[in-house]
Amino acid sequence: MGAASWSNWAGTATARPATTSTPRDVSDVVAAVDRARAGRSTVRMVGTGHSFTDVAVTDGELLRPDGLVGVVDVDRAAMTVTVLAGTPLKVLNVELERLGLSLHNMGDIAEQTVAGAVSTGTHGSGGTWAGLGAQVVGLELVTGTGEVVVATRAENADVLDLARVSLGALGILTRVTLAVEPLFLLEAVEQPMTWDEAIGSLDELVAENHHVDLHWFPHTDRLLTKRNNRLDADLDEARPLGRARGWVDDELLANTVFGGVVALGNRAPALVPALNRVASRVLSPRTFSDVPHRVLTSPRRVRFREMEYAVPRAAGPAVLAEVRRTVAAADWRIGFPVEIRAARADDVPLSTAYGRDSLYLAFHVPAAVDHTAYFGGVEPVLRAHDGRPHWGKLHTRTAADLVPAYPRFDDFLALRERLDPDRVLANAYTRRVLGD
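Residues numbered from 1 in each chain as written. Predicted model: local features only at pLDDT ≥ 70, side-chain atom pairs only at ≥ 80, totals over all residues. Heavy atoms only, no water.

Another aspect to go through is the pairing of strand E14 (residues 222-231). Burial within E14 is extensive, with 7 of its 10 residues counted as buried. Bridge count between strand E12 (residues 185-194) and E14: 10 bridges; the pairing is antiparallel. Residue pairing for E14: Glu187 is matched across the bridge by Asn229. By the bridge criterion, 6 bridges tie strand E13 (residues 211-216) to E14 in an arrangement that is antiparallel. Paired with His215 across the bridge in E14 is Leu224. Linking E13 back to E14 in an antiparallel pair, the connection comprises 5 residues, with His219 at a positive phi of about 75°. (Buried < 20%, exposed > 50% of the residue type's maximum accessible area, 1.4 Å probe, protein only. Helix = DSSP H or I, 4+ residues; strand = E, 2+ residues; numbered from the N terminus. Pairing = 2+ DSSP bridges.)

A few words now on the environment of Trp391. By secondary structure assignment, the location of Trp391 is in the loop between strand E19 (388-389) and helix H12 (399-402). C-alpha separation for the pair Trp391 and Gly435, spaced 44 residues apart in sequence, amounts to 14 Å. Excluding its chain neighbours within four sequence positions, the residues that come into contact with Trp391 are Thr53, Thr120, Val165, Leu167, Leu350, Leu402, Tyr406, Phe409, Tyr429 and Val433. Reaching out from Trp391, the side chain makes a polar contact with the backbone oxygen of Leu350 at a distance of 2.7 Å. (Contact = heavy atoms within 4.5 Å. Polar contact = N/O pair within 3.5 Å; in protein donor to acceptor, adjacent residues only side chain to side chain.)

To continue, consider the packing of aromatic side chains. Tallied over the full model, the rule gives 10 aromatic pairs. Ring geometry for Trp9 against Phe304: centres 5.1 Å apart, planes inclined by 80°, an arrangement best described as edge-to-face. Of this pair, Trp9 sits in the loop between strand E1 (6-7) and strand E2 (14-15) while Phe304 sits in strand E16 (residues 304-312), and the two are 295 residues apart along the sequence. Per residue, the accessibility class of Trp9 equals that of Phe304, and both read buried. Positioned above the aromatic ring of Phe184, the side-chain terminus of Arg230 is 3.8 Å from the ring centre. Lying across the ring of Tyr406, Arg388 places its NZ or CZ 4.9 Å from the centre. (Phe/Tyr/Trp six-rings, centres within 6.5 Å; stacked < 30°, edge-to-face > 60°. Lys NZ or Arg CZ within 6 Å of the ring centre and 35° of its normal.)

A few words on the environment of Trp129. Its location among the elements puts Trp129 in the loop between helix H3 (114-120) and strand E9 (136-142). Along the primary structure Trp129 and Val71 are separated by 58 residues, whereas in three dimensions their C-alpha atoms are 22 Å apart. Setting aside residues no more than four positions away along its own chain, Trp129 makes contact with His104, Asn105, Ala134, Gln135 and Ala179.

Attention now moves to the pattern of salt bridges. Per the counting criterion, the structure on display carries 23 salt bridges. Note that Arg418 and Asp158 form a salt bridge whose closest N and O atoms lie 3.0 Å from each other. Here the residue Arg418 occupies a position in helix H13 (residues 409-419), and Asp158 occupies one in helix H4 (residues 157-163), the gap between them amounting to 260 residues. In this structure Arg418 comes out as partly exposed when scored by relative accessible area, which is 48%. Where salt bridges share partners, they join Asp108, Glu306, Glu308, Glu339, Arg341 and Lys393 into one cluster. (Salt bridge = Lys/Arg side-chain N within 4 Å of Asp/Glu carboxyl O.)

Okay, structure coming up:
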């Protein structure tokens, strides 16, 4: 056990804890909570640092997740898999594939730990359940009083209900049980469209496809559209991208070349609109099919900062049009595409899609660029349309204006009071967004 600083992937959050440890089992986590209580301090578990906020930061004891990795139970009758909370999603996805299983849906990267992704509301697009939290059917956590709580639909159901997205404020997750299904194929159809083609047919795109992901290039009227649909086909009928095409598209173009373009735009911002126009027009259509995690997730090696909001699905086109006008009227030079995804309503109380079909809008800048003008200029548009910020991405919201955005916020706060009355699990971020 020792002290070492910790920073997230984007460099937007840094922790300088008093001490750091790597728990190997739930008893180690209990011991860490007991130490924090005895010392009137705090304790937090970090993930892989892919949240852009300071949600994982602590100046008390920082727990690293590396010792809590692996699948511990597979129940094929119930179609569930129980996994240790520090397991990276990319490890889980590969293990599920080996078992002939898959998550129902997932986000667009797989670097996060299961606990980190669940706690901050990681989501995908479309599907039966868009958010990862909606796929959680059981969990084990250590509360702020050092109690080990197992929560399922039959036992401590109130904890399961509210802890599926919890920001780590209800307890430190040690195990998570996820609903899964037999491994299946997705067919991906990717093609460029104009703004009018894509946004003008947004309702049809969402209604006619299982997953829709759009990328708008600011300062242009061009989007890349991605439509992913389940195939009624055997796994051996997959038509994955060839190794050469996959490397060219996903490594060379999406990471290496894109990274060079971003660096050029950083040095010469006036070139960004022209670079976006070129980038949006050199994209070529492609169609392939593969198991879900190789279609829905992709590597992100160009570092960035991100803000993402979920707005009511029906308001989506109006919000997009207003965002486009806002960008056009400003002097910003935005080299990253704006990502647009639709998601179904869920029943997870602190999920950004709770109780309503949603459209997610994600805004990015390079990691070395100040985001405040761009994000600060767009955020009021999103707030004006009842937008809810992604818990793991940059935003300026506080508990005072988040409480009205979530019908069951008070239920969450009441459970927090019961499970962590002394705020052993609190930090500056939870105090800002949940209150103290």
